[in-house]
Each structure stands twice: as structure tokens, then as C-alpha cells.
Protein chains: 2
Amino acid sequence: MKIMVCYDGSGASRSALRVATKHAKAMDAKIYLVASMEKGTEDEQKMIQQLETELATTKEKLERDGIACETHLLVRGMTPDEDLVTYAKEQGIDEIAIGIRKRSKVGKLIFGSTAQYLILNAHCPVITVK
Amino acid sequence: MKIMVCYDGSGASRSALRVATKHAKAMDAKIYLVASMEKGTEDEQKMIQQLETELATTKEKLERDGIACETHLLVRGMTPDEDLVTYAKEQGIDEIAIGIRKRSKVGKLIFGSTAQYLILNAHCPVITVK
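Note that the coordinates shown come from a computational prediction; the quantities given were computed from them, not determined experimentally.

J.: I'd love a proper account of the pattern of salt bridges, names of residues and values included.
T.: Residue and element names in this part refer to chain A. According to the stated counting rule, one finds four salt bridges over all chains in the structure shown. The residue lysine 59 makes a salt bridge to glutamate 63 at a minimum N-O spacing of 3.1 Å. Here lysine 59 and its partner glutamate 63 are both found in helix α2 (residues 42-64), four residues apart, which amounts to about one turn of the helix. What makes lysine 59 partly exposed here is its relative accessible area of 27%.

J.: Requested: an account of the interface of chain B and chain A, with residues and values cited.
T.: At the junction of the two partners, chain B supplies 22 residues and chain A supplies 22 residues. Taking both partners together, chain B and chain A bury about 1,900 Å²; carbon and sulfur atoms supply 65% of that area. Applying the counting rule to chain B against chain A returns zero salt bridges. At the surface where chain B touches chain A, the tally comes to eight residue pairs in polar contact (both at pLDDT 80 or more). Breaking the side of chain B that touches chain A down by element, the ones donating at least two residues are α1 (11-27), α4 (113-121) and β5 (126-129) of chain B. The leading source of residues in the side of chain B that touches chain A is α1 of chain B, at five residues. Grouping the constituent residues of the side of chain B that touches chain A by class yields 15 nonpolar, four polar and three charged. Here strand β5 (residues 126-129) of chain A pairs with β5 of chain B via three bridges, running antiparallel. Among the inter-strand pairings, valine 126 of chain A is bridged to a residue of β5 of chain B, identified as threonine 128 of chain B.

J.: Explain the nonpolar core to me, and be specific about the residues and the numbers.
T.: Within the largest apolar cluster, 44 residues are counted, with the highest numbers of intra-cluster contacts made by Val5, Ile31 and Leu33 of chain A together with Val5, Ile31 and Leu33 of chain B. Contacts of isoleucine 31 of chain B, omitting those with residues within four sequence positions, involve Ile3, Val5, Leu17, Ala20, Thr21, Ala24, Leu62, Ile67, Ala68, Cys69 and Glu70 of chain B. Counting 42 residues, the second-largest nonpolar core is a separate cluster that includes Ala88 of chain A together with Val85, Ile119 and Leu120 of chain B.

J.: So what about the relation of the copies chain B and chain A? Which residues, and what values?
T.: Superposing chain B onto chain A takes a rotation of 180° combined with a translation of 0.0 Å along the rotation axis, leaving an RMSD of 0.0 Å. Such a combination of turn and shift is consistent with a two-fold rotation axis. Among all residues of chain B, the one whose C-alpha sits closest to the rotation axis is isoleucine 127 of chain B, at a distance of 2.1 Å.

J.: Kindly report on the sheet that holds strand β3 (residues 69-74) of chain B, identifying the contributing residues and their values.
T.: Ordered by their spatial adjacency, ten strands build an open sheet running β3(A)-β2(A)-β1(A)-β4(A)-β5(A)-β5(B)-β4(B)-β1(B)-β2(B)-β3(B), and the pairing between neighbours is mixed. Two strands in the sheet have a free side with no partner beyond their single neighbour: β3 (69-74) of chain A together with β3 of chain B. For this sheet the average axis-to-axis angle between neighbouring strands, irrespective of direction, equals 20°. Relative to β5 of chain B, strand β4 (residues 95-99) of chain B runs parallel, the two being bridged by four bridges. From the neighbouring strand, isoleucine 96 of chain B faces β5 of chain B, where its bridge partner is valine 126 of chain B. Against the sheet, helix α3 (residues 80-91) of chain A makes contact with β1 (2-6), β2 (30-36), β3 and β4 (95-99) of chain A, and its axis sits at roughly 155° relative to β2 of chain A, the strand it touches most. In this fold helix α3 (residues 80-91) of chain B packs onto β1 (2-6), β2 (30-36), β3 and β4 of chain B, with an angle of close to 155° to the strand it touches most, β2 of chain B.

J.: Tell me what's going on with α3 of chain B, and back it up with residues and numbers.
T.: Residues and elements named next belong to chain B. Counted at 1.5 Å a residue, the expected span for α3 with its twelve residues is 16 Å, and the 16 Å between its end C-alpha atoms agrees. Buried residues of α3: Asp81, Asp83, Leu84, Val85, Tyr87 and Ala88, and no others. Against the buried residues of α3 lie β1, β2, β3, β4 and α4. With its phi angle positive at about 65°, glycine 92 sits one or two positions after the end of α3.

J.: Kindly report on the environment of glycine 11 of chain A, identifying the contributing residues and their values.
T.: Residue and element names in this part refer to chain A. With respect to the helices and strands, the residue glycine 11 is situated in helix α1 (residues 11-27). Its relative accessible area of 41% is what places glycine 11 among the partly exposed residues. Spatially, the C-alpha atoms of glycine 11 and arginine 101 are 8.2 Å apart, while their sequence positions differ by 90 residues.

J.: Please provide a residue-by-residue account of the packing of α3 of chain B against α4 of chain B, values included.
T.: Residue and element names in this part refer to chain B. Direction vectors running N to C along α3 and α4 enclose 35°, while the axes themselves pass 9 Å from each other. Note that α3 runs across α4; the crossing there is right-handed. Contacts between α3 and α4 involve Asp81, Glu82, Leu84 and Val85 from the former and Ser113, Thr114, Tyr117, Leu118 and Asn121 from the latter. Class assignment for the residues of the contact of α3 with α4 results in four nonpolar, three polar and two charged.

J.: Break down the confidence of the model for chain A for me, citing the residues and quoting the values.
T.: Of all residues in chain A, 95% attain a pLDDT of 70 or more, and the chain-wide mean is 89. Of the two predicted TM-score estimates for the complex, the pTM is 0.91 and the ipTM is 0.89.

The rules we used
Residues numbered from 1 in each chain as written. Chains lettered and ligands numbered in written order. Predicted model: local features only at pLDDT ≥ 70, side-chain atom pairs only at ≥ 80, totals over all residues. Heavy atoms only, no water. Salt bridge = Lys/Arg side-chain N within 4 Å of Asp/Glu carboxyl O. Helix = DSSP H or I, 4+ residues; strand = E, 2+ residues; numbered from the N terminus. Buried < 20%, exposed > 50% of the residue type's maximum accessible area, 1.4 Å probe, protein only. Contact = heavy atoms within 4.5 Å. Buried area = accessible area lost by both parts, 1.4 Å probe. Polar contact = N/O pair within 3.5 Å; in protein donor to acceptor, adjacent residues only side chain to side chain. Nonpolar A, V, L, I, M, F, W, Y, C, P; charged D, E, K, R; others polar. Pairing = 2+ DSSP bridges. Core = buried A, V, L, I, M, F, W, Y, C linked by side-chain atoms within 4.5 Å. Least-squares fit on C-alpha atoms with pLDDT ≥ 70 in both. Axes fitted to C-alpha atoms, helices over the stretch in contact; angles between N-to-C directions. Expected span 1.5 Å × (residues − 1). Left-handed = near helix turned anticlockwise from the far one by under 90°. pLDDT = per-residue confidence, 0-100.

Have a look at this one:
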């Protein structure tokens, strides 16, 4: 079994990782920790380096806990939405975990567009975590 | 661990039940199979009877498979959305599974309003299944 976690360093994506870890332990699954970036500006380069470090640290931590983990930083010129859906299909992922965190200007929780796109377009079940 | 399945007899809700069953087996969880109706018209009364029968049959089937199951038909005068979120909180549910099935007039998959409401308002992770 393969569980993919959409990771962007946010608190919500860390919550998604926690839920995925619980599932991975129970179902003896491997975690695919995936971040997707459109490359480009210098700021994005810094962000990419930071994400790479975070992915590596998280992988180490999971493996110390006995959970198999692969990390992937997708920088393929697609939007993150398409990128994540395509990658999940290519890898034969069984479940996707993603954080929900976007708030409107008045503080109401709304969908991030990536979460919405994944739920409607991924080939497998999607777990949303607040 | 407690997994709630939002059941309305649709194919999508049966898919959600399949995913929840797999999780329940792996995590030794109990399934709360829940349907919510606003009571009222005669048609709704028929629908309620039909759902009651389906819930009972499904509970039997799960229990034969060694999975603990409770069924609940919520008819409390709230909208299904509020009803399901309130019930999940009252019961201390750990995960909610719900089917996504609504299609727009041009056949594009869109969110059912209940799924959207649950994802944004439930206190726990929500698994959406197509």
C-alpha cells in the first residue's frame, strides 16, 4: 500500500503527515512525501532548498519509526495541481493526504484550490486534514 | 478508533463504505454507518424505510466480516450537513468517509454541498471517495 502526502511545509501539511503516518503504521504502507513547485524566481529557489531539507529530515524521522518513505520534489513545469495528480497515478498511489488551511479574508475556512483539484481529479481516495 | 461513513444508498457512498471497511480492518476500528434525512413528505418516509433496511443489511454483512458496526438514521430536523458534523463530534469519531458523486450539467464532477461542508466543518479528517 502507498500513501502520498502533499507537503508544503505548512502546519496543515504537517497535520496531513501525522494522519498518513498513523495509517501507514496500521496498514504497513509506504509514505510518498511529495512537494510540488513551479520553478522560476530566486525566492522559489530558496523555497525549493528549504523544502528539500525538510523532506530529507522528515524521511529520516519516519524511517527511524520503521516506516518506509520516499520523498519527491516535483519541479516539472506543470502546476502543482496537475503535477500531484499525475504523479499519484504514475506511482500507483492508494491514498492521498492533504492539509486544508486556506482562510478567506473574513477568516472563514475555505478550500485551497489544490485540495479541491485533487479531490475531484485524483484516481484514489483523498484524506483532507485541517 | 471510530470511522463514520455517510451513507445515502448511492454508488459513491458504497465506495466510501468499501474504503472505510479496509481502514476499519487495518486499524481495528468500529464503523458508524450514518444516514441523515430531513423528515417530511411521504416520499421521504419511503426513502427512510428503504435506508433503514439497507443500513441493517450492511451492518449484518460487516459483523459477519468481524467488523463492529453501529447504524444511525438521523432524522432530527437539522439539515444533513449540520446533523452529520454534530453527530461526529458527539460520538468522538476519528475519521469520516464520504462519497463524491455530483456532476454538473455538462458532466463535470463537482462537490456535493454535504461533502464540502463536512471537509470544512468536521472536527476530524475526512476521506473523500469517488
